[in-house]
Amino acid sequence: MPRYFDCKKLNKKLHLLFQVPISKYAVTLLSIIAIHRLFTSCNVYNYPSVPREQLTDAIYTATVPQLAEKRTKPDCPYDHILQSKEKLQTWEVPKSSKDIGNFSAWGIKDGSYTPEHCQPLFSVAILVTYRNRQRHLDIFLPYMHNFLRKQNIHYKIFLVEQLDNKPWNKGMLYNIGAQRALAERFPCLLLHDVDLLPLAASNLYVCMDQPRHLSASIDKFRFVLIYDYLVGGVLAMRADHYVRVNGFSNNFYNWGGEDDEMADRILSNNLKILRFPREMSEYSMMTHTHEPVNRARETIIKENKIQGHKDGLSSVRYESLQVKAQRLCTWIGVKL
Ligand code: NGS
């Protein structure tokens with residue numbers, strides 16, 4: 001006997017459906033919207049980047065004049081570094097200086113290293129702003145030297161430490177470090193937070209033809225780029241571009257905003273923010289509590305935009321400055 005559609009049953013089910021309180025529909029709808037938003041925000045997981053095979057053409061080749069003058073060795077190779085798939089996982093990164101093992105400072109003097117067997121095509125000044133984070137520094141310096149010595153580049157780490165008890169001013173410290181690096185004629189400045197450790201061997205520490213944001217994929221943010229104009233963390237800029245944008249603003253005290261304001265400077269000078277692909281841009285962030293938040297940061301960003309970024313590298317002033325050549329870094333102590 002054929003089975004007919006049971007309308008009675010259907011009516012009963014529809015009736016039950018309409019009995020569900022309206023709030024439940026609202027909750028379901030909002031959840032669907034939230035899940036959709038989450039997925040669309042994940043677009044920045046695959047942010048626009050320069051493809052690996054085009055990187056060689058997009059990187060900025062320049063060294064300090066002293067190196068360019070004495071060219072006796074063959075050029076250092078870089079392709080194998082850019083093509084490397086070697087990468088540490090977050091849990092493999094040292095958590096204390098004890099995890100570093102037997103660190104040897106071979107080849108390093110004043111925080112600087114030059115490859116011995118080939119002619120480096122890049123000179124990079126790595127500026128690290130610092131105050132009261134000994135635990136991070138004890139990991140950062142040996143980790144970075146181990147990482148960078150494999151890259152065939154000429155580099156020098158400048159540690160710029162704020163010595164006074166005034167509120168923290170990262171922008172000013174970068175400008176002071178930049179003055180020194182420019183005096184030593186470095187063509188490329190790499191501005192680096194002390195709590196970030198690169199994970200991919202292919203993350204070549206060099207400038208590109210345009211400003212380059214390196215730390216686009218940080219474990220703390222589940223390896224997602226939190227917004228497209230973020231330049232905080234690790235940023236590489238050609239020295240002439242840093243001068244062109246007038247460096248960082250000196251007006252930001254405490255935490256936040258100075259990097260977003262730098263993005264304004266970059267974009268308003270018709271420069272772009274470039275990035276390496278995501279898998280080459282992974283970093284691990286060492287845990288810490290940050291400085292008190294600067295409540296005026298949004299206002300300063302707006303004001304500086306109106307004033308045309310006049311404050312910056314050209315107007316940086318400080319009370320006193322000392323420089324000491326240490327083995328793992330050139331230390332610059334400043335009272336603001
Ligand atoms: C933004 C801040 C940036 C900061 C970024 C990531 O909100 O300065 O968060 O911060 N911008 C403003 O406050 C206007 S992080 O969580 O990495 O410390 O760099």
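All residue numbers refer to position in the chain's written sequence, counted from 1. Given that this is a predicted model, residues contribute local features only at a pLDDT of at least 70 and side-chain atom pairs are listed and counted only at 80 or more, while totals for whole chains, interfaces and linings are drawn from all residues. The side-chain numbers reported here are obtained from all heavy atoms of the structure, hydrogens and water having been left aside.

Caption draft 1: Molecular detail of the site of the ligand. The criterion for a residue being near a molecule or strand is simple. One of its heavy atoms has to lie within 4 Å of it. Every residue close to the ligand is listed here: Lys220, Phe221, Ile226, Tyr227, Trp255, Gly256, Gly257, Asp259, Asp260, Arg297 and Glu298. Any pair of nitrogen or oxygen atoms within 3.5 Å is treated as a polar contact; in protein, a donor-acceptor pairing is required on top of that, and neighbouring residues in sequence qualify only through side-chain atoms on both sides. Taking Trp255, its side chain carries an N or O atom lying 3.4 Å from an oxygen atom of the ligand. Gly257 has a polar backbone atom sitting 2.8 Å from an oxygen atom of the ligand. In short, Shrake-Rupley with a 1.4 Å probe defines the accessible areas, and a residue's cover is counted only from the protein chains shown. For the ligand, the accessible surface in isolation is 450 Å², of which the surrounding protein chains cover 78%. In this structure, the ligand is accommodated by the largest pocket. We count a stretch as a helix when DSSP gives it H or I for four or more residues in a row; a strand needs E for two or more, and each element gets its number in order from the N terminus. Of all the secondary-structure elements, those providing two or more residues to the shell around the ligand are helix H9 (258-268) and helix H10 (297-307). For the shell around the ligand, the per-class residue count stands at four nonpolar, two polar and five charged. A pocket, in this scheme, is an open set of points on a 1 Å grid over the protein atoms alone with protein on both sides within 12 Å along at least 5 of 7 lines, while a cavity is a set where a 1.4 Å probe fits but cannot get out; residues line either one if an atom lies within 4 Å of a point. Whether a molecule lies in a cavity or pocket depends on its atoms, and more than half of them have to be within 2 Å of the grid points. Basically, the charged four are Asp, Glu, Lys and Arg, the nonpolar ten are Ala, Val, Leu, Ile, Met, Phe, Trp, Tyr, Cys and Pro, and anything else, Gly included, counts as polar.

Caption draft 2: Looking closely at a nonpolar patch on the surface. Together, Leu29, Leu30 and Ile33 make up an exposed nonpolar region whose accessible area comes to about 310 Å². We call a residue buried when its accessible area falls under 20% of the maximum for its residue type, exposed when it is over 50%, and partly exposed in between, using a 1.4 Å probe and counting protein chains only. A residue is classified by how much of its surface remains accessible, and Ile33, at 45% relative accessible area, is partly exposed. Patches here: salt-bridge-free residues with over 30% relative accessible area, like charges joined within 9 Å, nonpolar side chains (Val, Leu, Ile, Met, Phe, Trp, Tyr) joined within 5 Å. Only one rule defines a salt bridge in this text: a Lys or Arg side-chain nitrogen within 4 Å of an Asp or Glu carboxyl oxygen.

Caption draft 3: Main features of the domain arrangement of the protein chain. Where each domain starts and ends follows an automatic or database-derived domain assignment. Under the domain assignment, the protein chain is made up of domain 1 (1-42) and domain 2 (47-335). The C-alpha centroid of domain 2 is placed 53 Å from the C-alpha centroid of domain 1.

Caption draft 4: Representation of the nonpolar core. Think of a nonpolar core as a cluster: buried Ala, Val, Leu, Ile, Met, Phe, Trp, Tyr and Cys residues, connected wherever their side-chain atoms sit within 4.5 Å. Judged by nonpolar contacts, the single largest core of 53 residues is most densely connected at Ile126, Leu148, Ile153, Ile157, Leu204 and Tyr205. Among the elements that take part in this core, helix H6 (residues 134-148) stands out by supplying eight residues, more than any other. A contact between two residues is defined here by any heavy atoms of the two lying within 4.5 Å. With sequence-adjacent residues up to four places away left out, Leu204 is seen in contact with Ile59, Tyr78, Ile81, Leu82, Gln151, Ile153, Arg212 and Phe276. The next biggest cluster of nonpolar side chains, apart from the first, holds 33 residues, and it includes Tyr174, Met262, Val334 and Leu336.

Caption draft 5: Region of interest: the packing of aromatic side chains. Two rings from Phe, Tyr or Trp (for Trp, the six-membered ring) form a pair when their centres sit within 6.5 Å of each other. Planes less than 30 degrees apart are called stacked, planes more than 60 degrees apart edge-to-face, and all others tilted. Inspection of every chain in the model, using the stated rule, returns eight aromatic pairs. Relative to Tyr155, the ring of Tyr113 has its centre 5.9 Å away and its plane inclined at 35 degrees; by these criteria the two rings are tilted. With Tyr113 in strand S1 (residues 112-113) and Tyr155 in strand S3 (residues 154-162), this residue pair connects regions lying 42 residues apart in the sequence. With respect to class, Tyr113 is no different from Tyr155; both count as buried. In this arrangement the basic side chain of Arg212 is found over the ring face of Phe276, its NZ or CZ atom lying 3.5 Å from the centre. Each ring is checked for a lysine NZ or an arginine CZ that lies within 6 Å of its centre and within 35 degrees of its normal; such an atom marks a charge sitting over the ring.

Caption draft 6: Seen up close, the state of the cysteines. Cysteine sulfur atoms that pair up within 2.5 Å are treated as a disulfide. Tallying each qualifying case throughout the model produces two disulfides. The disulfide partner of Cys188 is Cys207, and the S-S distance across this bridge is 2.2 Å. Handedness of the Cys188-Cys207 disulfide follows from its S-S torsion of about 90 degrees: it is right-handed. With a gap of 19 residues between them, Cys188 in strand S4 (residues 188-192) and Cys207 in the loop between strand S5 (196-198) and strand S6 (212-213) connect regions that are remote in the sequence. Neither residue differs from the other here; Cys188 and Cys207 are each classed as buried. Take the cysteines of the protein chain that form disulfides and number them in order along the sequence; they join up as 1-2, 3-4. No disulfide involves Cys329; its sulfur sits 19 Å from that of Cys188, the nearest cysteine.

Caption draft 7: A look at empty space enclosed by the protein. Grid points are joined across faces, edges and corners, and a volume is the space filled by probe spheres set on the points. Applying the stated criterion across every chain yields a total of one cavity of 30 Å³ or more. Estimates place the volume of the largest cavity at around 80 Å³. Counting residues per element, the ones that place at least two in the lining of the largest cavity are helix H7 (170-183), strand S8 (234-238) and H9. Per-class residue counts for the lining of the largest cavity are seven nonpolar, two polar and four charged.

Caption draft 8: Molecular detail of the packing of H9 against H10. In this analysis an axis means a line fitted to C-alpha atoms, helices contributing only their contacting stretch, and an angle means the value between N-to-C directions, from 0 to 180 degrees. As a packed pair, H9 and H10 sit with axes 10 Å apart at the nearest point and diverge in direction by 20 degrees. On the basis of the axis angle, H9 is roughly parallel to H10. Here H9 and H10 pass one another in a crossing that is right-handed. Here Asp260, Glu261, Asp264 and Arg265 of H9 lie close against H10, whose contacting residues are Ile301, Asn304 and Lys305. Classifying every residue of the contact of H9 with H10 gives one nonpolar, one polar and five charged. Oblique is the label for any angle not covered by the other classes, which are roughly parallel (under 35 degrees), roughly antiparallel (over 145) and roughly perpendicular (65 to 115). Crossings are assigned a handedness: left-handed for a near helix turned anticlockwise from the far helix by less than a right angle, right-handed for a clockwise turn.

Caption draft 9: Structural detail: the sheet that holds S5. For two strands to pair, DSSP has to find at least two bridges joining them. Judged by pairing direction, the sheet is mixed, and its three strands sit side by side in the order S5-S9-S7 without closing on themselves. Whereas interior strands pair on both sides, the edge strands pair on one side only; in this sheet they are S5 and strand S7 (217-218). Across three bridges, S5 lies against strand S9 (residues 282-285) in antiparallel orientation. Across the sheet, residue Leu197 finds its bridge partner in S9, namely Ser284.

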